[in-house]
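What the coordinates show
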Amino acid sequence: MPRFHIDGITLQIPQRCLNPAIEDAIGQGHYEGKELAGIKRHLKPEDRVLDLGGGAGYLAVQAAKIVGAGNVTTVEANPDMVRSIGRTLALNDALDLRVLHGAVVADSYTQDTVTFEAKAAFWASSISNGAPGQKSKLVSVPALKLSDLFEAFDPSFVVMDVEGAEVELAQQSWAKSVRFVIMEIHPQLYGPPVIQQIFDGMSRAGFTYMPWGSRGNVVVFQRVASD
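My aim in this report is to walk through the structure given alongside it, one point at a time. (Residues numbered from 1 in each chain as written. Predicted model: local features only at pLDDT ≥ 70, side-chain atom pairs only at ≥ 80, totals over all residues. Heavy atoms only, no water.)

**Some details on the environment of Glu163**
- Here Glu163 shows up in the loop between β10 (157-160) and α6 (166-169).
- Given the relative accessible area of 16%, Glu163 is considered buried.
- For the pair Glu163 and Leu189, spaced 26 residues apart in sequence, the C-alpha separation works out to 8.5 Å.
- Sequence-distant contacts of Glu163, defined by excluding residues within four places in its chain, comprise Trp123, Ala124, Ser125, Ser126, His186 and Leu189.
- Within the structure, Glu163 has its side chain in polar contact with the side chain of His186 (distance 3.3 Å). (Helix = DSSP H or I, 4+ residues; strand = E, 2+ residues; numbered from the N terminus. Buried < 20%, exposed > 50% of the residue type's maximum accessible area, 1.4 Å probe, protein only. Contact = heavy atoms within 4.5 Å. Polar contact = N/O pair within 3.5 Å; in protein donor to acceptor, adjacent residues only side chain to side chain.)

Here is the structure:
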């Protein structure tokens, strides 16, 4: 199974979950670089981190270097990548980091499971919108409501790359404990009116756009202090 080394961290990822673009991003050192810039800018040692859409576990381990592995929880829906994260934690002395298998959903979701499309390139996998592609497979995974995750782990810092699910998640209330959100938005999946919905929703939840750490499609939201 391929191993990669990037910014002091070792990743082990199944070959079937890779494509040339992923391997190039890791090899060139810019894999998850925009999210990492936001983490390094804003994450503090006293924070508790909730990482939604854990992928290969890279950002979760990076966060653990700052706050300690016991203060990080990562959520990943793809069963292959959940196992990959486990191997990554072992390789990086971060076994206290919590890994949850499931897909994060809005509180309005009423089922216990959700259909997830695991794509050949793991970073493009997402909750299913219909029939799978030629190199994809559909799997049923636990549905994890956002508010339940807030209650269980009381995060102060959220990192999320959930391939379009951010639209609904941005429309609901967020725990007052959360002070920063680093969110990858996906303009290739929706247009400016939906991006406006995301920003408006996060504003209603008490957050504002933070330019320091935001880069392209990775947006940092900071909670506005209440009087």
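Having seen the structure, we can now continue with the description.
**A few points about the packing of helix α2 (residues 33-42) against helix α3 (residues 58-67)**
- Two elements in contact, α2 and α3, have axes separated by 11 Å at closest approach and are oriented at 15 degrees. Considering their axes alone, α2 and α3 lie roughly parallel with respect to each other. For the pair α2 and α3, the sense of crossing is right-handed. Residues Glu35, Leu36, Ile39 and Lys40 of α2 lie in contact with α3, whose contacting residues are Tyr58, Leu59, Gln62 and Ile66. (Axes fitted to C-alpha atoms, helices over the stretch in contact; angles between N-to-C directions. Parallel < 35°, antiparallel > 145°, perpendicular 65-115°, else oblique. Left-handed = near helix turned anticlockwise from the far one by under 90°.)

**Brief notes about the packing of aromatic side chains**
- The tally for this structure, following the rule as stated, stands at 7 aromatic pairs.
- Aromatic side chains Phe150 and Trp174 sit 5.3 Å apart centroid to centroid with 50 degrees between the ring planes, which places their arrangement in the tilted category. With Phe150 in helix α5 (residues 146-153) and Trp174 in the loop between α6 and β11 (180-184), this residue pair connects regions lying 24 residues apart in the sequence. By the burial criterion, Phe150 is buried, and Trp174 matches it.
- On the basis of an interplanar angle of 35 degrees and a centroid distance of 6.0 Å, the ring pair of Phe157 and Phe180 is categorised as tilted. Placement of Phe157 in strand β10 and of Phe180 in strand β11 is noted, with a sequence separation of 23 residues between them. Like Phe180, Phe157 is buried.
- Ring-pair connections join several aromatic residues into one group, and the members of that group are Tyr31, Tyr58 and Trp123. (Phe/Tyr/Trp six-rings, centres within 6.5 Å; stacked < 30°, edge-to-face > 60°.)

**Examining the environment of Gln171**
- Following the sequence through the fold, Gln171 ends up in the loop between α6 and β11.
- If near-sequence neighbours (up to four positions away) are discounted, Gln171 is found in contact with Gln197, Ile198, Gly201 and Arg204.

**A short note on the environment of Phe4**
- For Phe4, the location among the structural elements is in strand β1 (residues 3-6).
- You can call Phe4 buried: its relative accessible area is 13%.
- On a C-alpha basis, the gap between Phe4 and Arg223 in space is 35 Å, while along the polypeptide they are 219 residues apart.
- Not counting the four nearest positions on each side in its chain, Phe4 is found in contact with Ile9, Thr10, Leu11, Ile13, Leu18, Glu23 and Ile26.

**Focus on the pattern of salt bridges**
- The full count for this structure, using the stated rule, is 6 salt bridges.
- A salt bridge links Asp47 to Arg179; the nearest nitrogen and oxygen atoms lie 2.7 Å apart. Of the two residues, Asp47 is situated in the loop between α2 and β3 (49-52) and Arg179 in the loop between α6 and β11; the sequence distance between them amounts to 132 residues.
- Arg48 serves as the salt-bridge partner of Asp154, at 3.3 Å between the closest nitrogen and oxygen. Remark: Arg48 occurs in the loop between α2 and β3 and Asp154 occurs in the loop between α5 and β10; sequence separation between them is 106 residues.
- Its relative accessible area of 29% is what places Arg48 among the partly exposed residues. (Salt bridge = Lys/Arg side-chain N within 4 Å of Asp/Glu carboxyl O.)

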